[in-house]
Amino acid sequence: MMSFLILNGPNLNLLGTRQPEVYGHTTLQDIEAMCHAKAKDLGLKITFEQSNSEGALVDAIHAARGAHNGIILNAGAYTHTSVALMDAISSVELPVVELHLSNIHAREEFRHRSYIAPVALGIICGFGAAGYPLAIEALNGHIAAPG
Ligand code: DQA
């Protein structure tokens with residue numbers, strides 16, 4: 001059975017109460033449930049994780065090699081700063097979908113730069129929590145029929 005890692009970075013544990021005008025009212029637990037429902041529909045397995053620590057996210061990306069077929073990554077603010085996450089993605093050679101709840105290109109200029117984008121298969125942003133099941137579908141479709 002195909003398996004995806006859905007990895008969430010710093011401050012995403014606070015979704016639901018964190019700047020709801022930007023990120024909505026859906027909690028990370030709600031999003032996890034949405035992801036499990038989508039995975040069940042598509043007949044695949046997901047592992048859902050969150051960490052506020054950059055090193056733990058690097059470790060999770062390393063551990064995905066051989067354990068998962070692809071990664072969906074909302075790296076939060078590390079998106080805009082982390083060469084380490086970019087290098088980790090390049091090292092494991094798994095397809096990665098970069099995901100953001102908000103449209104990072106419609107926000108402050110420092111959010112326009114992504115270290116993940118150059119090594120990502122594709123990017124989904126601006127659709128709120130609905131981006132997660134979209135990302136699962138996109139990754140599943142890519143693996144089923146690459147190109
Ligand atoms: C985010 C966007 C980032 O700029 C921000 O630092 C986050 C959340 C999003 O999902 O919209 O923490 O990744």
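From a predicted model like this one, the values you see are computed outputs, not experimental measurements. (Residues numbered from 1 in each chain as written. Predicted model: local features only at pLDDT ≥ 70, side-chain atom pairs only at ≥ 80, totals over all residues. Heavy atoms only, no water.)

Visitor: Run through the state of the cysteines, naming residues and quoting values.
Guide: Applying the stated rule across the entire model yields zero disulfides. Left without a disulfide partner, cysteine 35 is nearest to the cysteine sulfur of cysteine 125, which lies 17 Å away. Take cysteine 125: its relative accessible area is 18%, and that puts it in the buried class. (Disulfide = S-S within 2.5 Å. Buried < 20%, exposed > 50% of the residue type's maximum accessible area, 1.4 Å probe, protein only.)

Visitor: Any details on the packing of helix 3 (residues 54-64) against helix 4 (residues 83-92)? Residues and values, ideally.
Guide: It is the contact of helix 3 with helix 4, at a shortest axis distance of 9 Å, that shows an interaxial angle of 5°. By the angle between their axes, helix 3 is roughly parallel relative to helix 4. Taking contact as the criterion, the partners of Glu54, Leu57, Val58, Ile61 and His62 in helix 3 are, on helix 4, Ala84, Leu85, Ala88, Ile89 and Val92. A per-class count over the contact of helix 3 with helix 4 returns eight nonpolar, one polar and one charged. (Axes fitted to C-alpha atoms, helices over the stretch in contact; angles between N-to-C directions. Helix = DSSP H or I, 4+ residues; strand = E, 2+ residues; numbered from the N terminus. Parallel < 35°, antiparallel > 145°, perpendicular 65-115°, else oblique. Contact = heavy atoms within 4.5 Å. Nonpolar A, V, L, I, M, F, W, Y, C, P; charged D, E, K, R; others polar.)

Visitor: Hey, could you go over the site of the ligand for me, with residue numbers and the actual values?
Guide: Surveying the vicinity of the ligand reveals the residues Arg18, Tyr23, Asn74, Gly76, Ala77, His80, His100, Leu101, Ser102, Ile104 and Arg111. In this structure, histidine 80 approaches the ligand through a side-chain N or O atom, which is 2.7 Å from an oxygen atom. Considering the ligand on its own, with 320 Å² of exposed area, one finds that the protein chains cover 99% of that surface. (Near = heavy atom within 4 Å. Polar contact = N/O pair within 3.5 Å; in protein donor to acceptor, adjacent residues only side chain to side chain. Areas by Shrake-Rupley, 256 points an atom, 1.4 Å probe, with all protein chains shown as cover.)

Visitor: Help me get a handle on the sheet that holds strand 2 (residues 45-50), residues and values and all.
Guide: The strands that make up a sheet pair up through hydrogen bonds in the backbone, lying either parallel or antiparallel. Strand order across the open sheet formed by five strands is 2-1-3-4-5, with parallel pairing between neighbours. Each end of this open sheet is capped by a strand with a single partner; those strands are strand 2 and strand 5 (122-125). Direction aside, the axes of adjacent strands within the sheet are offset by 20° on average. As paired elements, strand 1 (residues 3-8) and strand 3 (residues 70-74) share five bridges and run parallel to each other. (Pairing = 2+ DSSP bridges.)

Visitor: Can you tell me about the side chain of asparagine 140, naming the residues and giving the values?
Guide: Relative to the assigned elements, asparagine 140 resides in helix 5 (residues 131-144). The residues contacting asparagine 140, other than those within four sequence positions of it, are Met2, Phe4, Leu42 and Leu44.

Visitor: Go over the packing of aromatic side chains, please, and point to the residues and values.
Guide: All told, the structure shown has one aromatic pair when counted by the stated rule. Measuring from ring centre to ring centre gives 6.4 Å for phenylalanine 48 and tyrosine 132, while their planes differ by 40°; the resulting arrangement is tilted. On the criterion of sequence distance, the pair formed by phenylalanine 48 in strand 2 and tyrosine 132 in helix 5 is long-range, its members being 84 residues apart. By relative accessible area, which is 1% here, tyrosine 132 ends up buried. (Phe/Tyr/Trp six-rings, centres within 6.5 Å; stacked < 30°, edge-to-face > 60°.)

Visitor: Help me get a handle on the pattern of salt bridges, residues and values and all.
Guide: Applying the stated criterion across every chain yields a total of four salt bridges. Glutamate 93 is the partner of arginine 65 in a salt bridge, and the nearest nitrogen-oxygen pair spans 3.7 Å. You can see arginine 65 sitting in the loop between helix 3 and strand 3 and its partner glutamate 93 sitting in the loop between helix 4 and strand 4 (96-100), a full 28 residues away along the chain. A salt bridge links arginine 107 to glutamate 108; the nearest nitrogen and oxygen atoms lie 3.8 Å apart. (Salt bridge = Lys/Arg side-chain N within 4 Å of Asp/Glu carboxyl O.)

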